[in-house]
Amino acid sequence: MKPAEFAYEAPRSVAAIRSALAAGPKGARILAGGQGLVPLLNSRTARPTLLVDINRAADLGEIDRPGGDLRVGATVRMADAERSEDVREACPLLSQALPWVANPQVRNRATIVGNLVSANRGSELPAVALALEAVFTIEGPSGSPRRCPASVFFRTDGTVACSAGEFVSSVTFPRQAPGAGCAFLEAQRRSAHYALLGVAAALVIRGGRVAGARIAMAGASPFPVRCHSAEAMLAGEAATPGLLAAAAREAARTATSDAYDDLHATAHYRRAVAPELALRTLTAAARSAAR
Amino acid sequence: MEFTLNGQSIQGKPEPRVLLSDFIRDTAGLQGTKVGCEHGACGACTVLFDGVPIRSCLMLAVQAEGHEVTTVEGLCGGPEFSPLQQAFHDCHALQCGFCTAGFLVTLTALFRDKPHPTDTEISEAIAGHLCRCTGYVGILEAARRLAAESAAAG
């Protein structure tokens, strides 16, 4: 099918985007990479009255490092982030997860922020943002941006904490501890599909003991889940195979509490696969951690 | 609205809702680019946008303003096949041809950036393309042959 009619604006600045959203009709949508939105337009699942195309706005296309952290602007393409030395250095977990998203042609156009805002339940990056405690910068009608942590941004109903008239101008990932071992693994029907189940893990190991653990899952429940209790089991302990297995079971148990059925997998499948996938991810993260 | 299509300037006044793929096919009249799924999965509509392979069905034509678009028609300078197209021909890498333009566009960009891609790099590059007749064996063989030829040529 083809998109229904809509009005179109391509503002050149953040202030002009704010004005376009404020002045625009109800039902305006932001167009960034379009890789999630345009399929919805084509199928007429989404029928916005106005598309505000932010691709021509200055200052939204940068990856920068405020205080060593990693800030990713709203129009930064996944493919550019994948190649970025800054991303590899500051957030190796994000680097590990990006190649799992969609396919190379889609990543050439798709944005990290757009993917996070869409918060698809099988999407990889929301789990990474949750694990790394990313913070969203949200612009709105007031003119002064607000900051929203990932733990609040991703709601359990599958929506995000960004209302009409607001838009995310950037997301900031705190710099990971140097030497953190990172892994992202997922079960998928075929390469380039959404995750049936995905696990993001980062382990900091000092003197043979876990000094910090970050674990989150995608596709386990209809929203990304941070596995706090599994992280707590690992904290301060030696990363033995037995402990990693116990933590993986705990992570799987908490993450799949709202496991769902869809066209591609049953909730039963997700619960069955989660402990093994979590174990493989934790094992890979532990192996790659600097000691 | 004006952009560069296969090296030539093209102008138009598409409605905002017109997809780049439809503008290329219906307004510019270049029908080598195919439209399959219209949600980014099949890869048939892939074109180079400022040199980078993207889905033309997931962009609005108005977004091309000021940019450079290359379709399968623009991949070789004249009536002769490019080495990649010749390899597709020699290795029976196509049957119905519907997916072929997309594969050629993506592989052209791959070979431009990495003249000697590994099998893994070839597979990763074409993961975003579906072919329902050759079963990929011929396509992979064509890409491997070109990689080997370019390696042999130095």
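Residues numbered from 1 in each chain as written. Chains lettered and ligands numbered in written order. Predicted model: local features only at pLDDT ≥ 70, side-chain atom pairs only at ≥ 80, totals over all residues. Heavy atoms only, no water.

A.B. asks: Provide a residue-level description of the domain arrangement of chain B, including the pertinent values.
C.D. replies: Residues and elements named next belong to chain B. In terms of domains, chain B is made up of domain 1 (2-74) and domain 2 (83-153). Taking only C-alpha atoms, the centre of domain 1 and the centre of domain 2 are 21 Å apart. On the side of domain 2, 11 residues touch domain 1, which itself brings 16 residues to the contact. Interface area, domain 1 with domain 2, both sides summed: about 1,100 Å², of which 64% is carbon and sulfur. Applying the counting criterion to the domain 1 and domain 2 interface returns four residue pairs in polar contact (both at pLDDT 80 or more). When contributions to the side of domain 1 that touches domain 2 are tallied by element, the ones reaching two or more residues are β3 (46-49) and β4 (52-55). Top contributing element to the side of domain 1 that touches domain 2 by residue count: β3, with three residues. Taken together, the residues of the side of domain 1 that touches domain 2 sort by class into eight nonpolar, six polar and two charged. (Domains from an automatic or database assignment. Contact = heavy atoms within 4.5 Å. Buried area = accessible area lost by both parts, 1.4 Å probe. Polar contact = N/O pair within 3.5 Å; in protein donor to acceptor, adjacent residues only side chain to side chain. Helix = DSSP H or I, 4+ residues; strand = E, 2+ residues; numbered from the N terminus. Nonpolar A, V, L, I, M, F, W, Y, C, P; charged D, E, K, R; others polar.)

A.B. asks: Help me get a handle on the sheet that holds β3 of chain B, residues and values and all.
C.D. replies: All names here are of chain B. Read across the sheet, five strands follow the order β2-β1-β5-β3-β4 without closing on themselves; strand pairing throughout is mixed. One side of each edge strand has no neighbouring strand; the edge strands of this open sheet are β2 (8-11) and β4. Ignoring strand direction, the axes of neighbouring strands in this sheet form an average angle of 40 degrees. Sheet analysis places strand β1 (residues 2-5) next to β2, joined by four bridges and oriented antiparallel. Along β2, the bridge assignment pairs Phe3 with Ile10. (Pairing = 2+ DSSP bridges. Axes fitted to C-alpha atoms, helices over the stretch in contact; angles between N-to-C directions.)

A.B. asks: Quick one: what's the story with helix α3 (residues 100-113) of chain B, residue by residue and with numbers?
C.D. replies: Note that an α-helix has 3.6 residues per turn; residues three or four places apart therefore point the same way. Helix length check: α3 of chain B (14 residues) gives 20 Å between terminal C-alpha atoms against 20 Å at 1.5 Å per residue, within 8%. Among the 14 residues that make up α3 of chain B, 11 are buried, leaving the element largely enclosed by the rest of the structure. Listing the buried residues of α3 of chain B in full gives Thr100, Ala101, Gly102, Phe103, Leu104, Val105, Thr106, Leu107, Ala109, Leu110 and Phe111 of chain B. Turning to α3 of chain B, the residues buried within the fold contact α6 (104-107) of chain A together with β3, β4, α2 (83-90), α4 (119-125) and α5 (137-152) of chain B. (Expected span 1.5 Å × (residues − 1). Buried < 20%, exposed > 50% of the residue type's maximum accessible area, 1.4 Å probe, protein only.)

A.B. asks: Quick one: what's the story with the interface of chain A and chain B, residue by residue and with numbers?
C.D. replies: Of the residues lining the interface, 29 residues belong to chain A; the matching set on chain B comes to 31 residues. Of the roughly 2,200 Å² buried where chain A meets chain B, counting both sides, 52% is carbon and sulfur surface. The largest contributions to the chain A side of the interface with chain B come from Arg56, Gln105 and Arg109 of chain A, which together make up 27% of the buried area. On the surface where chain A and chain B come into contact, there are two salt bridges. Here Glu38 of chain B and Lys2 of chain A are joined by a salt bridge, their closest N and O atoms 2.3 Å apart. Counting across the chain A and chain B interface gives 13 residue pairs in polar contact (both at pLDDT 80 or more). (Salt bridge = Lys/Arg side-chain N within 4 Å of Asp/Glu carboxyl O.)

A.B. asks: I'd like a description of the pattern of salt bridges, backed by residues and values.
C.D. replies: Under the counting rule described, the total for this entry stands at 21 salt bridges over all chains. One salt bridge connects Lys2 of chain A with Asp22 of chain B, and the closest N-O pair in it is separated by 2.8 Å. Highlighted residues: Lys2 of chain A in the segment before β1 (7-9) and Asp22 of chain B in helix α1 (residues 20-27), drawn from two different chains. On the basis of relative accessibility, which here comes to 13%, the residue Asp22 of chain B falls in the buried class. One salt bridge in this structure joins Arg144 of chain B and Asp119 of chain B, with 3.2 Å as the shortest N-O distance. With Arg144 of chain B in helix α5 and Asp119 of chain B in helix α4, the pair connects residues that are 25 residues apart, well separated along the chain. Take Arg144 of chain B: its relative accessible area is 34%, and that puts it in the partly exposed class. Look at the salt bridges and you will find they share partners, linking Arg65, Asp86, Glu89 and Arg175 of chain A into a network.

A.B. asks: Describe the packing of aromatic side chains, and please don't skip the residues or the numbers.
C.D. replies: Residue and element names in this part refer to chain A. Following the criterion strictly, the structure yields six aromatic pairs over all chains and no others. Ring centres 3.7 Å apart and planes at 15 degrees place the aromatic pair Phe136 and Phe153 in the stacked group. Of this pair, Phe136 sits in strand β6 (residues 135-139) while Phe153 sits in helix α9 (residues 150-153); the two residues are 17 residues apart in sequence, bridging distant segments of the chain. Their ring planes at 85 degrees and their centres at 5.3 Å tell us that Phe153 and Phe154 sit as a pair that is edge-to-face. Across the pair, exposure class does not vary: Phe153 and Phe154 are buried alike. The ring of Tyr260 carries the charged tip of Arg270 above its face, separated from the ring centre by 4.0 Å. (Phe/Tyr/Trp six-rings, centres within 6.5 Å; stacked < 30°, edge-to-face > 60°. Lys NZ or Arg CZ within 6 Å of the ring centre and 35° of its normal.)

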